[in-house]
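Read off the chains here:
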Amino acid sequence: MDVHLCLPILSTGMVDSVTSQSEGVFQRDEFINIRENGMKIRSMQMNIVLWVAVCLLVSLGAITAYSAVVTRNNSTQAAKDALTAEAGARAKTVDADMEIPLDTSRTVAQVLSSRIHSNNPLTREEVTAMLKEVLLQNPSFFGVSTEWEPNAFDGADAKYAGDANTDETGHFSPYWYRDGDSIAYLPLPRLADDDSAYRYYMVPKQTLQETVTDPYLYPINGKDVLMTSFMTPIIIDGKFYGVAGVDMTLDFLQGYADQALEYNPAANVSIFSASGLIAGVTSQPELIGKDISELHEDAEAVLQNIQSGKMDIREDEGNILTSIPIYFGNSPTPWALFMSLPLKVVTS
């Protein structure tokens, strides 16, 4: 018997049914795979979008922060430039006003030395009258003087000893000064060489140079007067004979310091002598004559900056601070004008 005759005969319908079922299973698997792949792709896309967004936010934050820093730095630099220019202009004004008394003392010294050098000296009375006229013609001056070494003026100290216009030694030292609305006369006493109030005489004697003294107290008729002296040595043939000078009280410097408020209500100006004494400071006149340490914790470094005679601009103790050196006449020791403005005012 033929074995093939025993096998069931599959109809065409049955084959088609089996094929359709197989294809259906394949299509479902393929759909599932496609769907799963699509979900993976969408997940990857979301991750990419998320990371791009994060990167953009970080970049935007960095750009914003950088822009803020650049803006602040530009504002600070612009403020430094403006403050330096303003301080420089104020320093020139101070210099111009302080050159007037120094020019006057230089002129008096030249007149006196030239008359002696030409063997045509003025008399004591003539010199005293000349000084009085100088004071009358200069209402901003507090006092005008000349003081000479013993017997250096006319060799006649002994003749004038005890005279009403000299001291008991007769040395020539006439001084005219303001006493309220009038002017008064007194002979300057010879002080000890190491007396701080005698630096107006000893410094030009020792250096043979023009001198603008530190602010100091000088007793006049029982009252201490805070002043600065503008002194010129009288030198004849290389020899020191004496000094001629003009005294100024420091009210005008305090006035300049107070004018800083016109520039900015938060601005501050301070004026320092060569040794670091305060000659004026905005809204604090009680500090005049006191040490620089009253205003600066790093007083030693600040004093070195003043004495170096160099301009400086920096950020200091929360402020923009600029310092401008001021040289008066031929004096080798500079003063300085400091001007400051709080950083928060600049960057706000």
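In what follows, the accompanying structure is described. Because the structure is a prediction, the values reported are computed rather than measured.

Working definition: the strands of a sheet are paired by backbone hydrogen bonds and lie parallel or antiparallel to each other. What the five strands build is an open sheet, ordered β9-β8-β12-β11-β10; its pairing is antiparallel. Here the strands that pair on one side only, and so sit at the sheet edges, are β9 (278-281) and β10 (312-316). Neighbour to neighbour, the strand axes of the sheet diverge by 20° on average, direction disregarded. Two strands pair when backbone bridges link them, and strand β8 (residues 268-272) and β9 are joined in this way by three bridges, in the antiparallel orientation.

Attention now goes to the nonpolar core. With 52 residues, the main nonpolar core has V94, M98, W148, L253, I271, W335 and L337 as its most contacted residues. Per-element accounting of this core gives the leading share, eleven residues, to helix α1 (residues 12-117). Ranked by size, the runner-up nonpolar core spans 19 residues in total, among them Y175, Y177, Y201 and M227.

You can see E210 is positioned in the loop between α4 (199-207) and β4 (211-212). On the basis of relative accessible area, E210 is assigned to the buried category, the value being 7%. Within the local environment of E210, its side chain forms a polar contact with the side chain of R106, the two groups lying 2.5 Å apart. At 2.9 Å, the side chain of E210 forms a polar contact with the backbone nitrogen of N330. Dropping the residues within four chain positions of it, E210 is found in contact with L102, R106, M231, T232, P233, G329, N330, S331 and P332.

With that settled, consider unusual backbone geometry. The phi dihedral of L208 is positive, around 55°, even though this residue is not glycine. Of note, L208 is situated in the loop between α4 and β4. Assessed through its relative accessible area of 39%, L208 is described here as partly exposed. Even without glycine at this site, D237 takes up a positive phi of about 55°. Its location among the elements puts D237 in the loop between β6 (223-236) and β7 (239-249).

On to the environment of A152, then. Secondary-structure assignment places A152 in the loop between β1 (143-148) and α3 (157-160). Exposure remark for A152: the relative accessible area of 17% places this residue in the buried category. Considering only alpha carbons, one finds A152 and Y241, 89 residues apart in sequence, at a separation of 5.9 Å.

Okay, the environment of S229 next. Among the structural elements, S229 can be located in strand β6. In this structure the C-alpha to C-alpha distance between S229 and R199, which are 30 residues apart in sequence, comes to 9.2 Å. Within polar-contact distance, the side chain of S229 engages the side chain of D247 at 2.5 Å.

Taken as a whole and assessed by the stated rule, the structure comprises eight salt bridges. One salt bridge in this structure joins R106 and D103, with 2.6 Å as the shortest N-O distance. Linking R106 with D103, this pair stays in helix α1, spanning three residues, or about one helical turn. Put simply, D312 and R314 hold a salt bridge, and the shortest N to O gap is 2.2 Å. In this structure D312 comes out as partly exposed when scored by relative accessible area, which is 22%.

Buried within helix α5 (residues 251-258) are the following residues: L253, Q254, Y256 and A257. Axial view of α5: buried residues confined to an arc of 155°, hence all on one face.

What counts as what
- Residues numbered from 1 in each chain as written.
- Predicted model: local features only at pLDDT ≥ 70, side-chain atom pairs only at ≥ 80, totals over all residues.
- Heavy atoms only, no water.
- Pairing = 2+ DSSP bridges.
- Helix = DSSP H or I, 4+ residues; strand = E, 2+ residues; numbered from the N terminus.
- Axes fitted to C-alpha atoms, helices over the stretch in contact; angles between N-to-C directions.
- Core = buried A, V, L, I, M, F, W, Y, C linked by side-chain atoms within 4.5 Å.
- Buried < 20%, exposed > 50% of the residue type's maximum accessible area, 1.4 Å probe, protein only.
- Polar contact = N/O pair within 3.5 Å; in protein donor to acceptor, adjacent residues only side chain to side chain.
- Contact = heavy atoms within 4.5 Å.
- Salt bridge = Lys/Arg side-chain N within 4 Å of Asp/Glu carboxyl O.
- Arc of directions from axis to C-beta.

In short, shape yes, function no, at least from these values alone.
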